[in-house]
Amino acid sequence: MNVSTSFGFYVTSMLYTTKPIPSMNMHCPYFLLIALALTGCREAIPNRVDDSQVENTAVITETPEEIAVDLSDYEQLIPIEIVDTTARNSYEKYGIEFSGNCYACDLARIELSQQRLTFINVCDDNDRYEINDISCAAVGKEMRIRADAYAFTLIKIDDAPVYELSITGKNLKLDNKRIATFYTPAKKLHLFKEHDCGDFQG
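(A) Representation of the pairing of strand β8 (residues 150–158) within the structure. Direction of pairing for strand β7 (residues 142–146) relative to β8: antiparallel, over a ladder of five bridges. Bridge pairing links Arg-146 to Ala-151 in β8. Following β7, the chain reverses through three residues before pairing antiparallel with β8. Relative to strand β9 (residues 162–169), β8 is paired through eight bridges, and the arrangement is antiparallel.

Structure follows, in structure tokens:
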């Protein structure tokens, strides 16, 4: 007989008994025990969290990938310099270095391919210095060229375009092939106001 049945039997017997109903105080302990038995100590069921509801907060960091190399604007580079610091137009601000291109002829133009970086005297195509086994990578506005002993970076500083060349690594000093600070593609040179030696015959 369970607790609920016992309690019902007890109440029924109390209703039909001819004896005086005992004082309620006598039955308080029984009521308390019965209440505890019915409401009982029930073990709390832990709340389960569905795995599908858990938000994935893992942060994925991506390393910028190198852009596919396009050397079309770097195949033939001509040395230029700032010829007018007050000009706002890029084609008037930059132009060929007259002395190095027309008079002293000691500047180096650049040829770049996937395998080779070549510095060539602006007045003598046979006077050249080649660096082989290079790697090229375009990252943002930079063209990065790596060789065993050198690292070259052509940074696009103007949409003309104008590239600023920086060199790190072993000291590179070439006879009659002075490396300029600024270069522009040979195919765009005609756009600059000062793009040739004019009437100068050398």
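(B) Inspection of the confidence of the model for the chain at higher detail. Here the chain shows a mean pLDDT of 80. Residues at 70 or above account for 65%. Segment residues 3–7 is flagged for pLDDT under 50; beyond a separation of four residues in sequence, or across chains, it makes six contacts in the model. A low-confidence stretch, residues 14–19 (pLDDT under 50), is modelled with three contacts involving residues beyond four sequence positions or located in other chains.

(C) Region of the structure containing the state of the cysteines. Going through the model one piece at a time under the given rule, you end up with two disulfides. Sulfur-sulfur distance for the disulfide between Cys-102 and Cys-197 comes to 1.8 Å. Looking along the S-S bond of the Cys-102-Cys-197 disulfide, the torsion reads about -90°, which is the left-handed sense. One end of the pair, Cys-102, is in helix α4 (residues 98–103); the other, Cys-197, is in the segment after β10 (182–185), and 95 residues separate them in sequence. On the accessibility criterion, Cys-197 (27% relative accessible area) is partly exposed. Shown here is the disulfide that connects Cys-105 with Cys-123, its sulfur atoms set 2.0 Å apart. Looking along the S-S bond of the Cys-105-Cys-123 disulfide, the torsion reads about -65°, which is the left-handed sense. Of this pair, Cys-105 sits in the loop between α4 and β3 (108–112) while Cys-123 sits in the loop between β4 (116–121) and β5 (124–132), placing them 18 residues apart in sequence. Among the cysteines of the chain that take part in disulfides, numbered as they appear in the sequence, the pairing is 1-4, 2-3.

The rules we used
Residues numbered from 1 in each chain as written. Predicted model: local features only at pLDDT ≥ 70, side-chain atom pairs only at ≥ 80, totals over all residues. Heavy atoms only, no water. Pairing = 2+ DSSP bridges. Helix = DSSP H or I, 4+ residues; strand = E, 2+ residues; numbered from the N terminus. pLDDT = per-residue confidence, 0-100. Contact = heavy atoms within 4.5 Å. Disulfide = S-S within 2.5 Å. Buried < 20%, exposed > 50% of the residue type's maximum accessible area, 1.4 Å probe, protein only.

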